[in-house]
Amino acid sequence: MTEYVFPAPPVPAVRVSGSGARYPVSRIFCVGRNYAAHAREMGFDPDREPPFYFTKPANALVESGATVAYPPATANYHYEMELVIAIGRPAFRVAPEEALEAVWGYACGLDMTRRDLQIKAREMGRPWDLGKGFEDSAVIGELVPASAIGHPSKGLIQLSVNGAVKQSSDLSALIWSVPEVVAHLSQFYHLGPGDLIYTGTPEGVGPVVAGDRLEGRIDGVGTIALAVGPAAPGSIE
Ligand code: MN
């Protein structure tokens, strides 16, 4: 047994549908601007430029159904409803035709964003970490194995806030499909079991405030829910 100088943090892990076992998470990759209409609403021209990525720490994961505090140091806390890919086998420099063999399953995800900090960083040419990689920023629903549902390439992706639909698109609108994203990302990383990939959000992103309830779904994949609580005392809001 390794002796640690303090108790080792727990392994971040995700519930698996129909199983008591959990999927242990090592890394969280996220794709930027992967739906044309969302790229446009963020002020960019969508095209087939190669996808780009940012990451979140694995301990930013929050399970569906949680209530999270309104995060510190932001006045523009946004939702981004996304399909999440869970990798189950090593994949390095794979072609799109073989990329799906590495996919263990899928989940609904919310890439929660401090939009004001992200945009400020973008404008200054600085990293997005403060806007994207903060605590509780990677919300995830139950994982469903690809062995049960296959590999979704189309289907409604939707997000409601307090019962009003805010985002509504279809997985077929992804600029870079699931196999294309896995294949492209595998050119840069030795992907492996425990790696999650948030695949990007469709149009309709917007702010939430304390008291709001978010509910998302992807047809054929599952659902996700999140409640926003008050900011911790002393936070800037
Ligand atoms: Mn996103």
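Residues numbered from 1 in each chain as written. Predicted model: local features only at pLDDT ≥ 70, side-chain atom pairs only at ≥ 80, totals over all residues. Heavy atoms only, no water.

**Q** I'd like a rundown of the layout of surface pockets, residues and numbers included.
**A** For the largest pocket, the calculated volume is near 190 Å³. Around the largest pocket, the lining is made up of 13 residues, and of these Arg33, Asp45, Asp47, Glu49 and Phe52 lie nearest the centre. Of the residues contributing to the lining of the largest pocket, the split by class is 8 nonpolar, 1 polar and 4 charged. (1 Å grid on protein atoms, 1.4 Å probe; cavity = no way out; pocket = protein on both sides within 12 Å on 5 of 7 lines; lining within 4 Å. Points joined across faces, edges and corners; volume = space filled by probe spheres on them. Nonpolar A, V, L, I, M, F, W, Y, C, P; charged D, E, K, R; others polar.)

**Q** How would you summarise the coordination of the manganese ion if you had to cite specific residues and measurements?
**A** Only Glu80 (OE), Glu82 (OE) and Asp111 (OD) from the protein coordinate the manganese ion, and they sit 2.0 to 2.1 Å from it. In primary-sequence terms, the residues that donate to the manganese ion follow E-x1-E-x28-D. For glutamate 80, a relative accessible area of 4% puts it in the buried group. (Donors = N, O, S within 2.8 Å, 3.2 Å for Na, K, Ca; no water. Buried < 20%, exposed > 50% of the residue type's maximum accessible area, 1.4 Å probe, protein only.)

**Q** Please set out empty space enclosed by the protein residue by residue, giving values where relevant.
**A** Tallied over the full model, the rule gives 1 cavity of 30 Å³ or more. Here the largest cavity is characterised by a volume of approximately 110 Å³. As for the largest cavity, its lining consists of 17 residues, of which Gly32, Arg33, His38, Glu80 and Gln118 are closest to the centre. Every element with two or more residues in the lining of the largest cavity is listed here: β3 (27-32), β4 (52-56) and α3 (115-124). Considered class by class, the residues forming the lining of the largest cavity number 5 nonpolar, 5 polar and 7 charged. (Helix = DSSP H or I, 4+ residues; strand = E, 2+ residues; numbered from the N terminus.)

**Q** Run through the nonpolar core, naming residues and quoting values.
**A** One finds Tyr77, Leu110, Met112, Ile197 and Leu214 to be the most contacted residues of the largest nonpolar core, which totals 46 residues. Ranked by residues supplied to this core, first place goes to helix α6 (residues 178-185) with 5 residues. What tyrosine 77 contacts, discounting residues up to four positions off in sequence, is Val68, Tyr70, Pro71, Met112, Thr113, Phe134, Gly206, Pro207, Val208, Leu226 and Val228. Counting residues in hydrophobic clusters, the runner-up holds 20 residues, among them Val25, Ala58, Val84 and Leu143. (Core = buried A, V, L, I, M, F, W, Y, C linked by side-chain atoms within 4.5 Å. Contact = heavy atoms within 4.5 Å.)

**Q** Give me the lowdown on the pairing of strand β8 (residues 81-87), citing residues and values where you can.
**A** Within β8, 7 of the 7 residues are buried, leaving the element largely enclosed by the surrounding structure. Burial of β8 is two-sided: the residues Met81, Leu83, Ile85 and Ile87 facing one way and the residues Glu82, Val84 and Ala86 facing the other way are all buried. For β8 and strand β9 (residues 103-111), the ladder comprises 7 bridges, and the chain directions are antiparallel. Counterpart to glutamate 82 in the pairing with β9 is glycine 109. Across 3 bridges, β8 lies against strand β15 (residues 195-198) in antiparallel orientation. Following the sheet pairing, alanine 86 is matched in β15 by leucine 196. (Pairing = 2+ DSSP bridges.)

**Q** Summarise the sheet that holds strand β16 (residues 206-207); cite the residues concerned and give the values.
**A** Within the open sheet, the 3 strands sit side by side as β10-β7-β16. Their pairing is antiparallel. Either end of the sheet is taken by a strand with one partner, and the two such strands are β10 (113-114) and β16.

**Q** Describe in detail the side chain of glutamate 82, supporting the description with residues and values.
**A** Within the secondary structure, glutamate 82 sits in strand β8. The side chain of glutamate 82 is buried and forms no salt bridge, while lysine 132, the nearest opposite charge, is found at 5.6 Å. There is a polar contact of 2.9 Å between the side chain of glutamate 82 and the backbone nitrogen of glycine 200. When sequence neighbours within four positions are dropped, the list of residues in contact with glutamate 82 reads Ala107, Cys108, Gly109, Asp111, Ile157, Tyr198, Thr199, Gly200, Thr201 and Ile218. (Lys, Arg positive; Asp, Glu negative; His and termini not counted. Salt bridge = Lys/Arg side-chain N within 4 Å of Asp/Glu carboxyl O. Polar contact = N/O pair within 3.5 Å; in protein donor to acceptor, adjacent residues only side chain to side chain.)

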